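Reading the structure
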Amino acid sequence: MTAAKRTGGPPQSSAMPSPFPPIADYAFLSDCHTGALIAPDGAVDWLCVPRFDSPSIFGSLLDRQAGAFRFGPYGINVPSEIAYEPGTNVLRTTWKTPSGWVVVRDALTMGARVGKDTVTPHTRPPADDDADHTLVRTVECIDGQVEVELVCEPIFDYGRVVASWTVEPGDGHTADATGSDLTIRLQTDLAMGAEGDRVRARHVLNAGDRAYCSLSWGHDLAGPADVDEAVARIDATVRFWRAWLGRARIPDHRWREPIQRSALIIKGLTFMPTGATVAALTTSLPETPGGERNWDYRFTWMRDSTFTLQALHWLNLDWEADEFMQFVADLEPNDDGGMQIMYGIDGRRDLTEQTLDELSGYAGARPVRIGNGAFDQRQNDVYGAVLDSILMHTRRSQRLPRRLWPIVQSQAECATRVWGEPDQGIWEARGAPQHYVSSKLMCWVALDRASKLAQIGGDPELAQTWGKTAEEIRDDILDHGVSDRGVLRQHYDTDALDASTLLAPIFGFLPGTDERMHASVLATADELTENGFVLRYKTDETDDGMSGKEGTFLICSFWLVSGLAIVGEEQRARDLMERLLRISSPLGIYAEEFDVETGRHLGNVPQAFSHLALIEAAGRIILAERVAEL
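All figures in this text were calculated on a predicted structure; none of them were measured in a lab.

**Structural notes on the pattern of salt bridges**
Tallied over the full model, the rule gives 41 salt bridges. Of the charged contacts in the structure, one is a salt bridge between arginine 198 and glutamate 195, with a shortest N-O distance of 3.1 Å. Its relative accessible area of 27% is what places arginine 198 among the partly exposed residues. With its nearest N and O atoms 2.4 Å apart, the salt bridge here joins arginine 210 to aspartate 228. Of this pair, arginine 210 sits in strand β16 (residues 210–216) while aspartate 228 sits in helix α3 (residues 227–246), placing them 18 residues apart in sequence.

Below, the structure written as structure tokens:
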């Protein structure tokens, strides 16, 4: 039910006064096992432990009574500056108070691997560095005198289980919180005391004074012993991120910083134990203010795979690319041999959806969902995403791993069998199945890439068979998926537009010089946009099984940048790219959608797809500029 239906009034504005911070104002931390969102007031409003998809222990993002953890100046909620330490996912917040200045640093810390990880066991070969399973926070008074406050109120299992606290007797520097079969340990050099369901501390710092706190969920619950160790752990985390980024190939270009930030976010959304990448850190942040378009994105979508591999290889991050491909190779297929559209980050198949009716939802957007009911939908684009990824990886590594060949065969066979059938489409519509053009397109990608892989594998007969089917699919799309004015349709029974047809030029369905490609890209740019930003489709023309309007989709806007560049509209591509870069969050983060009326971000955050598409779009323009320089 939309906000308008609940209240009888106009649709809710995303800029309506609310106790919930704007989605774009959150800072993102990661240790490649889980992530946290920190509000501008210094409170951790979202943290699930020990994994991205675990139940939250701090859930104020979705209900202001679902737990938070604040560390900052007492009585001051608006900082002077929030920034990442350059080249890292370590946060630095500077506060001005009436009596002085303090700087707070926050990190989900990373350090040298010590032994086997029993908290989140690895299925991939271990790296030199791994997560400490600890959130470390330090504060330093840099001028004057400031009273700082620590308030830790975890509420386990998505705000449903109140913590039971045990404070260490004596000076009260250690306290354990238990609930829902989980124990976490809070350590600090401040003197703490329990107040009901929370632990609290206050202390005055003078210029040069430092303090720290840490929250650990590791197997031994070990946190820093003192402020020096806390600073050392954060410094080690800074070195980890900078060393990792140093291995990436980042062009010396005016867009270097957004590319770097996107790379750091994609790495931060990677689950190191398996190599999987979550689509976003969060669940149920609304696509429609106050509405019902609220989904759990803490899973791995197969359609993301090709964009993930493309970005990682373009950045020269081949280790991460190989980790992801090995995760794909480990996945259990459906009974018909095809891949599900999404899996858990541990490879599990059952992602049954539930609603958490106890939670208010972000700014009243309900229901709050965990799990994703689309996991068993028929979406025929999945085969193309997987096979394009394998071809890209094979060309990069100059070999076709034996364990991937059975996947090539099974996905090609599935695509051959189903390409002529309707499905739910790339946007996981909950309406009636349709013959979506983008699904047919991705089946063409599947057979085209399978044919090329068969050639590499030395099977010319199979290459010819699959190539012939690819041509059959292409002909069908051109016969039934193009309107009378030469523009790709959303599906065969409508002339409505759909941004997913921008995948046609991106995947090379037709050359960029083809008039149908040019017309389709320009139709999207001119007719499926709000203030220049791209809608997935028009909700009043599409039976997606949901009510309410939605914002413009950032990935689609970045796809349009790529499409414009491919069909020769390079200046329009640059213009849109510049506009998109200007609407990032203050920390360079993108959610899923952008509300053009208010300038607010909507949907889950950080959104991997948005950042992957940013890298791809920037790469196409930078390549064109470099070629023009020759």
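**Focus: the nonpolar core**
Membership of the largest hydrophobic core comes to 209 residues, with the highest contact counts inside it found for Phe69, Leu186, Trp559 and Met577. In terms of residue count, helix α9 (residues 437–456) provides more of this core than any other element does, eleven residues in total. With residues near it in sequence (within four places) discarded, phenylalanine 69 still touches Gly42, Ala43, Val44, Phe58, Leu135, Arg137, Leu150, Val151, Cys152, Leu186, Cys213 and Leu215.

**Some details on unusual backbone geometry**
Look at the link from valine 49 to proline 50: it is a cis peptide, with omega at 5 degrees. Here proline 50 is to be found in the loop between β3 (43–48) and β4 (56–58). A cis geometry characterises the amide bond from arginine 366 onward to proline 367, with omega recorded as 5 degrees. With a phi close to 55 degrees, histidine 133 is a non-glycine residue in the positive phi region. Examined against the element boundaries, histidine 133 turns out to sit in strand β9 (residues 129–153). Residue classification places histidine 133 among the buried residues on the basis of a relative accessible area of 5%. Phi angles above zero are rare outside glycine, and tyrosine 158 is one such case at about 60 degrees.

**Things to note about the packing of helix α13 (residues 554–566) against helix α14 (residues 570–582)**
Remark: α13 packs on α14, axes separated minimally by 7 Å, with the N-to-C direction vectors making an angle of 155 degrees. As far as their axial angle goes, α14 and α13 are roughly antiparallel. The handedness of the crossing between α13 and α14 comes out as left-handed. Contacts between α13 and α14 pair Leu554, Ser557, Phe558, Leu560, Val561, Leu564 and Ala565 from the former with Glu570, Arg572, Ala573, Leu576, Met577 and Leu580 from the latter. In the contact of α13 with α14, the residues fall into ten nonpolar, one polar and two charged.

**A look at helix α12 (residues 515–527)**
Across its 13 residues, α12 extends 17 Å between first and last C-alpha, which sits within 8% of the 18 Å expected from 1.5 Å per residue. Of the residues making up α12, those classed as buried are Met517, His518, Ala519, Ser520, Val521, Leu522, Ala523, Thr524 and Ala525. In this structure aspartate 514 caps α12, since a side-chain oxygen of it lies 2.8 Å from the backbone nitrogen of arginine 516.

**Let's talk about the packing of aromatic side chains**
Using the criterion set out here, one finds 17 aromatic pairs in the structure. Pairing phenylalanine 533 with phenylalanine 594 gives two aromatic rings, centres 5.1 Å apart and planes at 65 degrees, and the pair type is edge-to-face. Of this pair, phenylalanine 533 sits in strand β24 (residues 533–534) while phenylalanine 594 sits in strand β26 (residues 593–595); the two residues are 61 residues apart in sequence, bridging distant segments of the chain. In this pair, the class of phenylalanine 533 matches that of phenylalanine 594, namely buried. Ring geometry for tryptophan 559 and phenylalanine 609: centres 6.1 Å apart, planes at 90 degrees, overall edge-to-face. You can see tryptophan 559 sitting in helix α13 and its partner phenylalanine 609 sitting in helix α15 (residues 608–629), a full 50 residues away along the chain. The rings of Phe307, Trp427, Phe507, Phe553, Trp559 and Phe609 are connected pair by pair, giving a single aromatic cluster. A cation over an aromatic ring shows up here: arginine 64 above the ring of phenylalanine 20, its NZ or CZ 5.1 Å from the ring centre. Arginine 202 extends its terminal NZ or CZ atom over the ring of tyrosine 74, reaching a point 3.8 Å from the ring centre.

**Structural notes on the confidence of the model for the chain**
In this model, the chain carries a mean pLDDT of 93, and residues with pLDDT of at least 70 account for 97%. In this model residues 1–7 is a low-confidence stretch, pLDDT under 50, and it forms 19 contacts with partners more than four residues away in sequence or in other chains.

**As for the packing of helix α6 (residues 318–330) against helix α7 (residues 382–397)**
Where α6 meets α7, the closest approach of the two axes is 11 Å, and the angle between their N-to-C directions is 135 degrees. Here α7 runs oblique to α6, going by the angle between their axes. Once α6 is placed against α7, the crossing between them reads as left-handed. On the side of α6, the interface is formed by Asp318, Ala321, Asp322, Met325 and Val328, while α7 contributes Val386, Ser389, Ile390, His393 and Arg396. For the contact of α6 with α7, the residue count by class is five nonpolar, two polar and three charged.

**Observations concerning the side chain of aspartate 476**
By the secondary structure assignment, aspartate 476 is in helix α10 (residues 460–480). Separated by 2.6 Å, the side chains of aspartate 476 and tyrosine 492 make a polar contact. Discounting residues that sit within four places of it in the chain, aspartate 476 has contacts with Trp419, Gly481 and Tyr492.

Here is what the cut-offs are and how they apply
Residues numbered from 1 in each chain as written. Predicted model: local features only at pLDDT ≥ 70, side-chain atom pairs only at ≥ 80, totals over all residues. Heavy atoms only, no water. Salt bridge = Lys/Arg side-chain N within 4 Å of Asp/Glu carboxyl O. Buried < 20%, exposed > 50% of the residue type's maximum accessible area, 1.4 Å probe, protein only. Helix = DSSP H or I, 4+ residues; strand = E, 2+ residues; numbered from the N terminus. Core = buried A, V, L, I, M, F, W, Y, C linked by side-chain atoms within 4.5 Å. Contact = heavy atoms within 4.5 Å. Axes fitted to C-alpha atoms, helices over the stretch in contact; angles between N-to-C directions. Parallel < 35°, antiparallel > 145°, perpendicular 65-115°, else oblique. Left-handed = near helix turned anticlockwise from the far one by under 90°. Nonpolar A, V, L, I, M, F, W, Y, C, P; charged D, E, K, R; others polar. Expected span 1.5 Å × (residues − 1). Polar contact = N/O pair within 3.5 Å; in protein donor to acceptor, adjacent residues only side chain to side chain. Phe/Tyr/Trp six-rings, centres within 6.5 Å; stacked < 30°, edge-to-face > 60°. Lys NZ or Arg CZ within 6 Å of the ring centre and 35° of its normal. pLDDT = per-residue confidence, 0-100.

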